[in-house]
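Okay, here's what each chain looks like letter by letter:
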Amino acid sequence: MSENSEAPGTPPAAAATGSGSGGGAPTPLGPQPEPIRFFGTTWVDHDGGYGLRRAGVAAGSLAAAVGSCLALRFAYQGLAIAEVDSIVGMLVIVMFAVCSAIAFRKTWESFVARPKDPAREDSLRGLKSIGFIGSLLAYFFRSLIEAPGEKLHRAEYESARTQFEKRRATRTGNPAARKRPKRR
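Since we're looking at a predicted model, the values are computed, not measured.

## With respect to the packing of helix 2 (residues 50-81) against helix 6 (residues 132-145)
At a minimum axis distance of 8 Å, the contact between helix 2 and helix 6 shows a crossing angle of 155°. When the interaxial angle is binned, helix 2 and helix 6 end up roughly antiparallel. Handedness of the crossing formed by helix 2 with helix 6: left-handed. The residues of helix 6 that touch helix 2, namely those facing R54, V57, A58, S61, L62, A64, A65, S68, C69 and L72, are F132, I133, L136, L137, Y139, F140, S143, L144 and I145. Of the residues assigned to the contact of helix 2 with helix 6, the class counts are 15 nonpolar, three polar and one charged.

## Some points on the pattern of salt bridges
Applying the stated criterion across every chain, the model contains ten salt bridges. With a closest N to O distance of 3.8 Å, K106 and E121 form a salt bridge. Here K106 is found in helix 3 (residues 86-112), whereas its partner E121 is found in helix 4 (residues 118-123), with 15 residues between them in sequence. Salt-bridge contacts for R154 lead to E150; the nearest nitrogen and oxygen are separated by 2.9 Å.

## Some details on the packing of helix 3 against helix 6
Contact pair helix 3 / helix 6: the axes reach a minimum separation of 6 Å and the direction vectors enclose 35°. Crossing geometry of helix 3 relative to helix 6 is assigned as right-handed. Together, F96, S100, A103, F104, T107, W108, F111 and V112 of helix 3 and F132, I133, G134, S135, L137, A138, Y139, F141, R142 and I145 of helix 6 make up the contact between the two elements. Of the residues in the contact of helix 3 with helix 6, the class split is 13 nonpolar, four polar and one charged.

## Re helix 6
Between its first and last C-alpha atoms helix 6 spans 20 Å; for 14 residues at 1.5 Å apiece the expected length is 20 Å, and the two agree. Within helix 6 the residues assigned to the buried category are I133, G134, S135, A138, F140, R142 and S143.

## Considering unusual backbone geometry
Despite not being glycine, H46 shows a phi value in the positive range, around 55°. For H46, the position within the fold is in the loop between helix 1 (12-17) and helix 2. Backbone geometry places E83, a non-glycine residue, at a positive phi of 55°. Structurally, E83 is set in the loop between helix 2 and helix 3.

## A word on the nonpolar core
If you look at the biggest cluster of nonpolar residues, it comprises eight residues: I36, F39, W43, V44, Y50, V57, A147 and Y157. Residues in contact with W43, not counting those within four places in the same chain, are P33, E34, P35, I36, Y50, E150, H153, R154 and Y157.

## Points about a nonpolar patch on the surface
The grouping of L62, V66, L70 and F74 at the surface amounts to a nonpolar patch, some 380 Å² of accessible area in total. Structurally, the position occupied by L62 is in helix 2. Accessibility expressed as a relative area gives 34% for L62, which makes it partly exposed.

Definitions and cut-offs
- Residues numbered from 1 in each chain as written.
- Predicted model: local features only at pLDDT ≥ 70, side-chain atom pairs only at ≥ 80, totals over all residues.
- Heavy atoms only, no water.
- Axes fitted to C-alpha atoms, helices over the stretch in contact; angles between N-to-C directions.
- Helix = DSSP H or I, 4+ residues; strand = E, 2+ residues; numbered from the N terminus.
- Parallel < 35°, antiparallel > 145°, perpendicular 65-115°, else oblique.
- Left-handed = near helix turned anticlockwise from the far one by under 90°.
- Contact = heavy atoms within 4.5 Å.
- Nonpolar A, V, L, I, M, F, W, Y, C, P; charged D, E, K, R; others polar.
- Salt bridge = Lys/Arg side-chain N within 4 Å of Asp/Glu carboxyl O.
- Expected span 1.5 Å × (residues − 1).
- Buried < 20%, exposed > 50% of the residue type's maximum accessible area, 1.4 Å probe, protein only.
- Core = buried A, V, L, I, M, F, W, Y, C linked by side-chain atoms within 4.5 Å.
- Patch = residues over 30% accessible without salt bridge, like charges linked within 9 Å, V, L, I, M, F, W, Y side chains within 5 Å.
- Areas by Shrake-Rupley, 256 points an atom, 1.4 Å probe, with all protein chains shown as cover.

Dropping the structure here:
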């Protein structure tokens, strides 16, 4: 027997949440919060070790940024050992500085709002991977304030909950049981 024991045609989410005929807990109504990397859905109520996760993300991203800077220093020393022109060394430093600044800005903006032009964000993927130190520093500084992306996810979740409650309030009752006005 396979691990996938739900009935054929049953959506995997329904089988995992116990909303099938297994007698488990029913699926909660309404929109569900979107998980955030390293935090899952603990950002909703700040439970499940949320504070420790924030501290871990801050420490981990700072440690990764420091380690990355050391690796770049070794790469720069390799250029010095190869005795390349000083202009090449300066170009490498400027390239990493500019790419890191752009990556920091774009990563920071992604915590606050969804990108307006996803195609442009895809075209900047290479630049952001060169400036990975800027992305790591953005994660560090944002995790000192909140879970990276929590503000955006909370706003979207609250909006979806409000819309769901509004729609649900207008649909209460059985429409077939309503009295129809008498026609004259």
